[in-house]
Amino acid sequence: MSCVVLSVPGSEASAERLRSRLDAEAGQAFVRHFPDGEIYVRIDSPVSGRDVVLVCGLDRPADKILPLLFLAATAKDLGARRVGLVAPYLSFMRQDSRFHPGEGITSTYFAGLVSGAVDWLVTVDPHLHRWASLDAIYKIPTETVHAAPAIATWVGEHVPSPVLIGPDAESEQWVAAVAGRIDAPYMVLEKTRRGDRDVSVTAPDLDRCNGHTPVLVDDIISTGRTMIETLVHLRDRGTREPICVAVHAVFSDRAHDELLAAGAARVVTCNTIEHPSNRICVADAVAVGVRARLS
Ligand code: R5P
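Cut-offs used in this document
Residues numbered from 1 in each chain as written. Predicted model: local features only at pLDDT ≥ 70, side-chain atom pairs only at ≥ 80, totals over all residues. Heavy atoms only, no water. Near = heavy atom within 4 Å. Polar contact = N/O pair within 3.5 Å; in protein donor to acceptor, adjacent residues only side chain to side chain. Areas by Shrake-Rupley, 256 points an atom, 1.4 Å probe, with all protein chains shown as cover. Core = buried A, V, L, I, M, F, W, Y, C linked by side-chain atoms within 4.5 Å. Buried < 20%, exposed > 50% of the residue type's maximum accessible area, 1.4 Å probe, protein only. Helix = DSSP H or I, 4+ residues; strand = E, 2+ residues; numbered from the N terminus. Contact = heavy atoms within 4.5 Å. Phe/Tyr/Trp six-rings, centres within 6.5 Å; stacked < 30°, edge-to-face > 60°.

(A) Spotlight on the site of the ligand. Among the 15 residues in the neighbourhood of the ligand, the closest are listed as R193, D218, D219, T223 and T226. Within the side chain of E170, one N or O atom sits 2.7 Å away from an oxygen atom of the ligand. Backbone polar atom of G224 to an oxygen atom of the ligand: 2.8 Å apart, as the coordinates give it. Burial of the ligand by the protein amounts to 94% of the accessible area it has alone, namely 370 Å².

Pasting the structure below:
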């Protein structure tokens, strides 16, 4: 396939996983800061008339967005045929409403920025809650890759007699899909979030965990409070030691250690964000999504 895969700094591992699966050329992009903090970008690979695939994991996005936008603009300026973005984790999707007066709905604004900069987008399980699909806010063709098949394979191979638990209503899309693939029971709890770290979860139905290993599944672990609140309920009920599984290992501060301290036997994530907890590879599925966009 005659395309060039370029990594935005920090996404080299993810870019190489994709490049090898596409059998594409590894492009060379250089980004540095001038002494005054402004950004210099350069693309050292020939891109004229070719498809360029920019890979940029968008966790901790503030320092990545300008390099991404400038590299996309440079590739187009150098004559690239199309420039696509592979963002295994797509940021800002949780700000999908004006929850308090005066707030910005940043998922929309970010979608506008990306839609103006690249020709297509591939991402893994974006946080779709109040937006029904990426098409609601992105003006370019998008491809949503699902991690559920890979998660189901991992759970099926590693967890005896699992019961899947979604900590909130949004997580039903993941727990239902995983449970369905391995023919396991699942339940969905109710969450109330009052602040970044102020979360409560109601869990009336945990007797159904008897005889099973609880597997908590969510799209994102950030502060960890959603899963920790759920772990507390499971500990109170004396269930088997639970396992926490997330698509995106955002992990702010000490969230990973706090989950283990709260009783998680293991914390396992997909490799959309590089983290020592990555055990589930979604690169094959990402490559399928990218091939669909390139064809
Ligand atoms: C939001 O509803 C997401 O699906 C996750 O439940 C949430 O982002 C997890 O955040 P935290 O780890 O900070 O509780």
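Now that the structure has been shown, we can carry on.
(B) Representation of the nonpolar core. Core analysis: the largest hydrophobic core is formed by 39 residues, its most contacted members being L18, L22, V53, V86, I151 and V290. Of the residues forming this core, the biggest block, 5 residues, is contributed by helix α4 (residues 148-158). Contact partners of I151, with chain neighbours within four places excluded, come to V178, V245, V247, C270 and I280. One finds V47, L58, M93 and A117 within the second-largest nonpolar core, a separate group that totals 35 residues.

(C) Seen up close, the packing of aromatic side chains. Counted by the stated rule, this structure contains 3 aromatic pairs. Chaining the aromatic ring pairs together yields one cluster made of F30, F34 and Y40.

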